[in-house]
Amino acid sequence: MKRRLILAVVVLVGILFTFRGSALQGLEPDQVCGGDSLMDSNLLNSNPELLFSANNHLNESNFVDILKTIDYKLLQQEEGKLNSAKLMTFGEYAKIVGWDNRPQLRMSSERMVWYVEFYYPSMDHPRLGSISDVTVISLYDAETGEHLGCSYYGDLGQYRLE
Amino acid sequence: MKLKIYRLLICLVVVILLSIGTVSAHYHAIAVPSSQIDGGHFRTTIRDLDSGWTPYNSNWILHAMWLATDTNSSWIEVGFTDGSFQEPGKSRDFYRGFYCTEGKRDSTGNIVLYNEYKIIGPSTSIGTTHNFDIQRDGSTTWGVYVNWNLYRSFNHTPKALEMHVGLEANNYYSESERWNEHGFQIYQDGIWKYWPSGQLVKTHIKGSIYWVEKYKSVYTQTVDTSIIQEVR
């Protein structure tokens, strides 16, 4: 009885994983449809309404203390180092990371954000894979604490689409 | 004794199956226009997308457009992702939504700069349709637009060489309904044009099969059904 049960489990697991493994292969092609009218660059709005409004007039107590949200134990395990963390305006952040003066992320340049800089001798990045000698600058919205993304500098490997 | 063997067998099967699951897959169309381009456009509707992410893996799956901006394959990318999204100093973050990236390479092909930022604002609800554009709108300034609104601006070389659109995943456990990316167009010589002939590519980086289906003419929807299979 036990033997049958174990065999059934093995077969079931096998079928389940085989099915999942073929899920991507079984996708239909992302075909391209005709009939779409040609794009018009006049539609593009390079100065859209801001979604993250200015809040640099608020007291610091209104902002999340991002230092309290960092997992220092994990950071140590990954041999990472916190270089610096600064509360600043998004305009200041954009300047430091070398972005141009155009509107970015639909965020006011007077919105308060956290600039958090880390250093990792090596890191396993979900997209780039194994990368080394990495300086990472993280952007957090100071009011909500939401992580908005990162800039990476260093030896970031040769990840390619194909 | 027999029970131990069966237990061992189960463990072995699970380990084998898990190791198979680390294979990457790409599934996208590529246009290589006869002359360089200044932008790209596509449209799609959000459908079910599940990376199978857990706090213990780094699975992701995405639908996106890539523009290769120099001969070293530096790129600008905009799309919609589900899955792992790196957050330093924290356990791996999950993100489902719009995003954009850029990568800059040196002359040897090494990536020396990588920007990965969320695009917050457009609806992430299933069934909503979105327009994605990347357009050079300054001498070396490239704008990334979702639903016609500028979200990021990058500085890259003045011309792009290739445009890719489609699905990418870093594992076999991710699943996507058919998103039917469409309306592919390129911006060239100051005007938007339907995408010239390109090719549809499906690759398994570590798999045993590689196959290519060629588009006869990308914007007329016809796909050549002949499949080339090569066992690596």
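Residues numbered from 1 in each chain as written. Chains lettered and ligands numbered in written order. Predicted model: local features only at pLDDT ≥ 70, side-chain atom pairs only at ≥ 80, totals over all residues.

Structural notes on the overall build of chain B
Phase 1: In terms of regular secondary structure, chain B is built from one helix and 18 strands.
Phase 2: Per-residue burial for chain B yields a buried fraction of 44% across its 232 residues.
Phase 3: Nonlocal contacts in chain B, meaning residues at least 24 apart in sequence, comprise 60% of its contacts between residues at least 6 apart. (Helix = DSSP H or I, 4+ residues; strand = E, 2+ residues; numbered from the N terminus. Buried ≥ 20, exposed ≤ 12 C-beta atoms within 10 Å, placed from the backbone. Contact = placed C-beta atoms within 7 Å.)

A short note on unusual backbone geometry
Phase 1: With a phi angle near 55 degrees, A:D133 is a residue other than glycine that sits in the positive phi range.
Phase 2: Structurally, the position occupied by A:D133 is in strand β3 (residues 129-141).
Phase 3: The exposure class of A:D133 is partly exposed, given the 13 C-beta atoms found within 10 Å.
Phase 4: The phi angle at B:D189 is positive, at roughly 55 degrees, despite the residue not being glycine.
Phase 5: With respect to the element layout, B:D189 can be found in the loop between β13 (182-188) and β14 (191-194).

As for the environment of A:P103
Phase 1: Inspection of the secondary structure assignment puts A:P103 in the loop between α3 (90-96) and β2 (112-125).
Phase 2: Given 22 C-beta atoms within 10 Å, A:P103 falls into the buried group.
Phase 3: Sequence separation between A:P103 and A:S46 is 57 residues; the distance between their C-alpha atoms is 7.5 Å.
Phase 4: Setting aside its immediate chain neighbours within four residues, A:P103 contacts A:N47, A:P48 and B:L150.

Some points on the sheet that holds strand β10 (residues 149-155) of chain B
Residues and elements named next belong to chain B.
Phase 1: Across the sheet, six strands lie side by side as β10-β9-β8-β2-β13-β14; this open sheet has antiparallel pairing. Pairing within the sheet leaves two strands with one partner each, and these edge strands are β10 and β14. Within the sheet, the average angular offset between the axes of one strand and its neighbour, ignoring direction, is 20 degrees.
Phase 2: Across seven bridges, the pairing between strand β2 (residues 39-45) and strand β8 (residues 129-136) is antiparallel. Each residue of the ladder has a partner; that of T45, found in β8, is T129. (Pairing = 2+ DSSP bridges. Axes fitted to C-alpha atoms, helices over the stretch in contact; angles between N-to-C directions.)

With respect to the nonpolar core
Phase 1: In terms of nonpolar packing, the biggest core is built from 67 residues, with A:V113, A:Y140, B:M65, B:L67, B:V78 and B:Y151 touching the most fellow members.
Phase 2: The contact partners of A:Y140, leaving out residues within four places of it in the chain, are A:I66, A:V113, A:W114, A:V116, A:G145, A:E146, A:H147 and A:L148. (Core = buried A, V, L, I, M, F, W, Y, C linked by C-beta atoms within 7 Å.)

Focus: the confidence of the model for chain A
Residues and elements named next belong to chain A.
Phase 1: Scored by pLDDT, chain A has a mean of 85; 78% of the residues are at 70 or more.
Phase 2: The lowest-confidence element of chain A is helix α1 (residues 2-21), averaging 56 in pLDDT; the highest-confidence one is strand β1 (residues 81-89), averaging 98.
Phase 3: For the stretch residues 16-34, pLDDT sits under 50, and the model shows 39 contacts to residues farther than four places along the chain or on other chains. (pLDDT = per-residue confidence, 0-100.)

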